[in-house]
Amino acid sequence: MLQAITLVLMALLLQACDTDLYTRLDEREANVIVATLARNGIPASRQAEDEGRMKVTVDEDRFAEAVDVLDRAGLPERKFANLGEVFQGNGLVSSPVQERAQMIYALSQELSHTVSQIDGVLSARVHVVLPDNDLLQQNSTPSSASVFVRYIPSLDIDPLIPQIKTLVANGISGLSYDKVSVVPVVSNLPEETRSAPQPVMSSFLGIAMPAASVASAGWLFGLLIMAVVILSGAVGWLIWRQRRQRPYALVTPS
């Protein structure tokens, strides 16, 4: 009984040191985040929320490190609005200016999402410029687009640039290939498989653990010892009380 109570207290104390990293995630996002942190030596756990969503928790002492790793890895993935989401809030009547702005934004979101799906691309943004030219004018301003791509160091981006330009040019009516510019930026994310950052290790009671967790481990150990002492005292007091209240046996002479 005492061991079971001790284990429960330890689990509660350990859980109390965890803090929410990201919430309202779907299952795939939570799995990718936990796997990425594990490859970088940061333990994390998933917990179910309402409406089928999930949250990811990490040790409070490693919260800042976890945020930095996920930021450099481009996680969680940025949410993009699709055409249906952009136009679903329209009223019965919308101005031409509003419809045009929504269309440009929707095209940008759709293309950004498509480019970000390329293996090795951490994030992508497509900025579309569609001038409101007068059909009666001969000197019209051509459409243009600029693409920002952030990618991992191991990706050879040069062969992909013409493909990205073709993708964007074909996705927008009236946009020519030479009016699409691509700005690739390499991320400083280290290669996880070869040079993943290893936490500084220290020893606590002969157990190797990250140095950042030693203080928490000492605090938890002190609370655990205090709980064990209190429980032991309570059990001893109950035993003493039962023995004191037990009636003495009557001894009859033979």
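Please refer to the structure higher up on the page.
First, a word on scope: everything that follows refers to the structure included in this document. Source: prediction; values computed, not measured. Each chain carries its own residue numbering, running from 1 in the direction its sequence is written. The model is predicted, so local features are restricted to residues of pLDDT at least 70 and side-chain atom pairs to those at 80 or more, both for listing and for counting; the totals for chains, interfaces and linings are taken over all residues. Where side-chain values are given, they derive from all heavy atoms of the structure, hydrogens and water being excluded.

**Describing the overall build of the chain**
Helix and strand counts for the chain come out as eight helices and eight strands. Residues count as neighbours in contact if any of their non-hydrogen atoms are within 4.5 Å of one another. Counting contacts in the chain only where the partners sit at least 6 residues apart, residues at least 24 apart contribute 62% of the total. Numbering of helices and strands runs from the N terminus, with a helix taken as a DSSP run of H or I at least four residues long and a strand as a DSSP run of E at least two residues long.

**Here's the deal with the sheet that holds strand E1 (residues 18–25)**
Pairing in this open sheet of three strands is antiparallel, and the strands run E1-E3-E2 from one edge to the other. Unpaired on one side and paired on the other, E1 and strand E2 (44–48) mark the two borders of the sheet. The mean angle between the axes of side-by-side strands here comes to 25 degrees, regardless of whether they run parallel or antiparallel. Pairs of strands are assigned from DSSP output, requiring at least two bridges between the strands. The pairing of E1 with strand E3 (residues 54–59) spans five bridges and is classified as antiparallel. By the bridge assignment, Asp20 is partnered in E3 with Thr57. Contacting E1 and E3, helix H3 (residues 63–72) runs over the sheet at an angle of about 35 degrees to E1. What counts as an axis is a line fitted to C-alpha atoms, over the stretch in contact for a helix, and the angles between N-to-C directions run from 0 to 180 degrees.

**Quick notes on the pattern of salt bridges**
Salt bridge criterion: a side-chain nitrogen from Lys or Arg within 4 Å of a carboxyl oxygen from Asp or Glu. Tallied over the entire structure, the rule returns four salt bridges. Residue Asp20 is joined to Lys55 by a salt bridge in which the shortest nitrogen-to-oxygen separation is 3.5 Å. Of the two residues, Asp20 sits in strand E1 while Lys55 sits in strand E3, which places them 35 residues apart along the sequence. Here the term buried applies to any residue with accessible area under 20% of the maximum for its type, exposed to any over 50%, and partly exposed to those in between, with areas from a 1.4 Å probe on protein chains only. Note on Lys55: relative accessible area 18%, which makes it buried.

**Focus: the sheet that holds strand E4 (residues 121–129)**
With mixed pairing, three strands are arranged side by side in an open sheet as E4-E5-E6. Taken across any chain shown, the strands that pair with only one partner, and hence form the sheet edges, are E4 and strand E6 (180–186). Strand-to-strand twist across the sheet, computed as the mean angle between neighbouring axes with direction ignored, equals 15 degrees. Taken together, the seven bridges between strand E5 (residues 144–151) and E6 define a ladder with parallel strand orientation. Within the sheet, the bridge partner assigned to Ala145 lies in E6 and is Val180. Lying on the sheet, helix H6 (residues 160–171) is in contact with E4, E5 and E6; it crosses E6 at an angle near 135 degrees.

**A word on the pairing of E3**
Counting buried positions along E3 yields six of six residues, so the element is predominantly enclosed. Sheet topology note: the E2/E3 ladder contains five bridges and is antiparallel. Counted as the bridge partner of Ala48 is Met54 from E3. Between E2 and E3, which pair antiparallel in sequence order, lie five residues; one of them, Glu51, sits at a positive phi of approximately 60 degrees.

**So, the packing of helix H5 (residues 96–116) against H6**
In contact at an axis separation of 11 Å, H5 and H6 are set at 150 degrees when each is read in the N-to-C sense. On the basis of their axis angle, the class for H5 and H6 is roughly antiparallel. In this structure, H5 crosses over H6, and the sense of that crossing is right-handed. Contact residues: H5 offers Leu107, Leu111, Thr114 and Val115, while H6 offers Ile164, Leu167, Val168 and Gly171. Grouping the constituent residues of the contact of H5 with H6 by class yields six nonpolar, two polar and no charged. Under this scheme an angle from 65 to 115 degrees is roughly perpendicular, one under 35 degrees roughly parallel, and one over 145 degrees roughly antiparallel; angles in between are oblique. Handedness of a crossing is defined here by the sense of rotation of the near helix relative to the far one, left-handed for an anticlockwise turn of less than a right angle and right-handed for a clockwise turn. Polarity classes work like this: nonpolar for Ala, Val, Leu, Ile, Met, Phe, Trp, Tyr, Cys and Pro, charged for Asp, Glu, Lys and Arg, and polar for all others, with Gly in that last group.

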